[in-house]
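# Examination of the molecular architecture
Read off the chains here:
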Amino acid sequence: MPSAVKILLVPLLGIALALTGCDSGPDSSVANSAGHTGPTASTGQANRQVLDQRPFDNRDDFENARRGLIAQDPELVIDHLDGGQVWNMPAYDFIDENGENAPASVNPSLWRQAALNNIHGLFQVTDGLYQIRGYDLANMSIIESDTGWILVDPLTARETASKAFLFAREHLGEKPVRAILYTHSHIDHFGGVQGILQHLSDEEKANLRIIAPAGFEEEATSENIIAGPAMTRRAMFMYGKRLERDERGHVGTGLGKGPGFGTFGFAPATDLISETGTELTVDGVPMIFQIVSGSEAPAEFTFYLPEQKAFCGAELVSRNMHNIYTLRGAKVRDARLWSSFIDEAKTLFADADIYFGSHHWPLWGQENIQDFLAVQRDTYKFIHDQTVRLMNQGATPREIADQLKLPPELNRAFHNQGYYGTVSHNAKAVYQHYLGWFTANPAQLDPLPESDSAQRYVQMMGGAEKVLESAREDFEAASAMGASEGRDTYRWLAELLNQVVFAEPGNDDAKQLLANVYDQLGYQAESAPWRDFYLTGAYELRHGSPKEGIKPAMMREVLLNTPVSLFFDSMAVRLKAEDAEGESAVIKITFTDLKESYLLTLKHSVLHNRLVNEDTPADATLNLTRSLFVDLLIGRAGLKELLFSDEISFEGSRLDLIGFFSMLDKPQGRFNIVTP
Ligand SMILES: [Zn+2]
C-alpha cells in the first residue's frame, strides 16, 4: 500500500486538521474531546524507533519499583480541603502496568517511565526503612528510630501528606514521630508538613526535631515569591495542569505523576545542617550528612544511614535526567558543581548497599549504586563540558542543543534519559550560566517585539493565507516522511506558524494548524515537561488561556513564614511605574504582633523598604498584624474594607493609603503564552 495520506477537515472546535496514515490506528483522524488530533504516520514511526534505542527488555526497574510492597490502595484519590481533587491515581490506569503497550501518541520510553511512576503504595526498603510512593510528586520515607519514626520529606500538600501518613500508620502501627527531615527547599518536600503535624500529640510536637540544610528557610519561603505569578502560570504548562489524563494528554511528569496542588504549609526547622560530614544521632539513629546546596536546590543535603548502609540521595540523583534549567522558569543551576557533589557522594558513601531518594524507586547492591552514581555524575558533566567546548568554538545555544547527544556508554541506562530534563534544554542552560541570553550576534541586540516582527515576516511572505497553504502542504507531507525528516518538518512548522499566530492572533486556521503541529511534537517527546508544554500549547490555541490562574491564597501558610522584608520586595516588583510617575510617598507599616516597623519610600517610580524605629515619621502609617498583611497581599482581604474595619488602625490620610496601594499591580497569573 502506498504511503498515501488523506486529509480530513473535521469541523470540531473550529476546523481541526487531522491526518491519518495507513498504520496509525483506527481513530487517529478524529480529534478527541479536548481537540487533540491523532498521531500521524511519521509520529508513529518515530515512536516505534525508540523501541530499538533503549534496552526495553531490562526489567530491573519494575522489579525495584515493586520490591518490598506492603500495601497498596488501588482507589487512591485524595480530596482538596476546599473541594475538588488533589490526587487521583486511578486516573492513570490507562497506562498498562508493565509499560509495554505505548500507543502511537506517547513516546514508549516516557510511557515506560509513566508506568513505573504509577507503582504506588507503602514499601519496605530494608529493616527499619520504608517509603510511601505515589501519594504526591515526591516520596515520603520513614525511618524507624528507638522510640518512634523519623519522616523524610513530608510531600507537597497537607492533604496528600496526611493521607500518606495515615496509610503508613494503618499498616505499620501507630508510632510517635520524633523527627522530620526536609532534604531540600523545594515545596514538594516540605509543603505537606502540617498534614503530619495535625496528627501528632502536643508532647510529640513539643519534642519534635525538624532537620534541614542551612539556608532552608530563606530558600523555601522565597523561591516562589518575587517571580511567583510568572512561574506558576508556566508551571501550568510544565505539569500539564489543564490536560486530560489520557493517551493524548498528560501521562506523568517523569519525576513522578504530578504535583499535589493542595494546601501548602510550612513549619520552621529546629536543626540546620551546614557542613558535609556532620554526624547526628536522632532518637538513636546515626546519620551522616552531605551538603549539596547549589546543585538541584539552593539548600539541600543528602544523608547516609551507616547502620542500614543506606544512602538517601535526596534529589541530587534520581531515576531520570534532571533539570539544569527548569522550564517553568527558575535560575539556572550549576552543572559542574552538581556533578562534583555526586562524585563526592559516590566516595563518601561508597559502602552504600541501598540507595533511596526523594523521587522514584530505590536501588539495591553496592555495585549497582556505584554505577548509577557514576552515570548520573558523568551525564551532567558531559553536558557541561561539551556545551562549553562547543560554546568556546562559537556555537550558539540552538546549534549546541541540536547537535549534542550523550555518548553511547552514557546513553544505555534508562535512569539518565530525559524524562524530566533533556540534553537539549540543559545544554542551553549551561550556555546561559556562562554567557547569558546573548550570542553576540548584533541582530539579537534590538529586534522588534515578537508580534511586530511576525507581522512583517508574514507580509513579506505574501500574507497569512499563502503561508498557511504552504504550511498545510508541508504538514501533509511530513506524515509520510521518515521519522527524523518528519520531526524536523514539525519543528520548522512550529516556528513558521507561530509567526502567523503572532501576526494574526485571530486567525483560527493558523491556530488550529499550529495546534496540530504541537500535538505531534508532544506525542514524540520523551520528556514529560516537553510533552506537557506542547500539548498545553495545543490546548490553549484551541481553547484560549485559562480564566483563572493558580490562586496565590494556596501559598498563604508559606507566606506567613516568609521574612517580612521579602514581602516588600515582592510589593516593589508590582509597582505600576506609569502610575507612580512623579509621585512620592513615605508609608510606615507597623506589624503589631511582630513589634516591627518598616518604612516604604516611593520616589522615581521605585519602592524601597527599610526596618525603622516605631516613631519614625511618615506621611501615613498602617498598623496591622502580619497575617492580615499577607491576606492583603494575596487578595484575601481588600484594603478599602479593612480601612473601615477595627482590624487595623492608621494614622494620616486614608486616601493617601488607598492611593498608594492602588499603584500596585495585581498579577492574575493567566497571561497568554502561545498567542500574543
Ligand atoms: Zn522534588
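Residues numbered from 1 in each chain as written. Predicted model: local features only at pLDDT ≥ 70, side-chain atom pairs only at ≥ 80, totals over all residues. Heavy atoms only, no water.

Under an unreviewed UniProt entry, the name given to the protein chain is MBL fold metallo-hydrolase, and the organism recorded is Marinobacter flavimaris. For the protein chain, the Sequence similarities (unreviewed entry) comment in UniProt is given as "Belongs to the metallo-beta-lactamase superfamily. Type III sulfatase family." (UniProt positions renumbered as here; feature names shortened; annotations may be inferred.)

Looking now at the coordination of the zinc ion. The protein atoms that coordinate the zinc ion are Asp188 (OD), His189 (NE2), Glu315 (OE) and His359 (NE2), at distances spanning 2.0 to 2.2 Å. Seen from the zinc ion, its four donor atoms lie at angles of 83 to 171°, and the figure they make is irregular. Between consecutive donors of the zinc ion, the numbers of intervening residues give the motif D-H-x125-E-x43-H. Note that Glu315 is positioned in the loop between β16 (310-312) and α9 (335-348) and His359 in the loop between β17 (354-356) and β18 (363-364), a separation of 44 residues in sequence. (Donors = N, O, S within 2.8 Å, 3.2 Å for Na, K, Ca; no water. Tetrahedral: all angles 85-135°; square planar, octahedral: opposite > 155°, others 65-115°. Helix = DSSP H or I, 4+ residues; strand = E, 2+ residues; numbered from the N terminus.)

Tallied over the entire structure, the rule returns 29 aromatic pairs. Arranged with centres 5.6 Å apart and planes meeting at 75°, the rings of Phe56 and Phe414 form a pair that is edge-to-face. Residue Phe56 is located in the loop between α1 (41-53) and α2 (60-66), and its partner Phe414 is located in the loop between α11 (397-403) and α12 (423-435); the two are separated by 358 residues in the primary sequence. Each ring, one from Tyr518 and one from Tyr534, has its centre 5.9 Å from the other, and the planes form 40°; the classification is tilted. Separated by 16 residues along the polypeptide, Tyr518 in helix α16 (residues 508-524) and Tyr534 in helix α17 (residues 528-543) bring together distant segments of the chain. Judged by relative accessible area, which is 12%, Tyr518 ranks as buried. Each member of the aromatic cluster is reached from another via a ring pair, and the members are Tyr304, Phe311, Phe349, Tyr355 and Phe372. Positioned above the aromatic ring of Phe123, the side-chain terminus of Arg133 is 3.9 Å from the ring centre. (Phe/Tyr/Trp six-rings, centres within 6.5 Å; stacked < 30°, edge-to-face > 60°. Buried < 20%, exposed > 50% of the residue type's maximum accessible area, 1.4 Å probe, protein only. Lys NZ or Arg CZ within 6 Å of the ring centre and 35° of its normal.)

As a further point, take the nonpolar core. Counting residues in each nonpolar core, the largest one holds 100 residues, and the members touching the most others are Ile180, Met571, Ile589 and Phe629. Residue contributions to this core reach at least three from each of two domains, namely domain 1 (58-379) and domain 2 (563-663). When sequence neighbours within four positions are dropped, the list of residues in contact with Met571 reads Leu600, Leu607, Phe629, Leu633, Phe660, Phe661 and Leu664. Within the second largest apolar cluster, 43 residues are counted, among which are Tyr325, Ala395, Leu410 and Val430. (Core = buried A, V, L, I, M, F, W, Y, C linked by side-chain atoms within 4.5 Å. Domains from an automatic or database assignment. Contact = heavy atoms within 4.5 Å.)

To continue, consider the domain arrangement of the protein chain. Looking at the assigned domains, one finds that the protein chain contains domain 1 (58-379) and domain 2 (563-663). Taking only C-alpha atoms, the centre of domain 1 and the centre of domain 2 are 39 Å apart. Every contact between the two is made by four residues of domain 1 and, on the other side, five residues of domain 2. For the pair domain 1 and domain 2, the summed buried surface comes to about 380 Å²; carbon and sulfur atoms form 87% of the total. Connecting domain 1 to domain 2 are zero residue pairs in polar contact (both at pLDDT 80 or more). For the side of domain 1 that touches domain 2, a count of residues per class yields two nonpolar, two polar and no charged. (Buried area = accessible area lost by both parts, 1.4 Å probe. Polar contact = N/O pair within 3.5 Å; in protein donor to acceptor, adjacent residues only side chain to side chain. Nonpolar A, V, L, I, M, F, W, Y, C, P; charged D, E, K, R; others polar.)

It is worth spelling out the sheet that holds strand β22 (residues 620-624) at this point. Taken in spatial order, the five strands line up as β21-β20-β19-β22-β23 in an open sheet, and their pairing is mixed. Single-partner strands in this sheet number two, and they are β21 (606-612) and β23 (649-652). Neighbour-to-neighbour, the strand axes of this sheet turn through a mean angle of 20°, independent of strand direction. Pairing of strand β19 (residues 585-591) with strand β20 (residues 596-603), which is carried by seven bridges, proceeds in the antiparallel orientation. Bridge assignment links Val586 to a residue of β20, and that residue is Thr601. Contacts from helix α21 (residues 626-633) reach β19 and β22 within the one sheet, and its direction differs from that of β22 by about 110°. (Pairing = 2+ DSSP bridges. Axes fitted to C-alpha atoms, helices over the stretch in contact; angles between N-to-C directions.)

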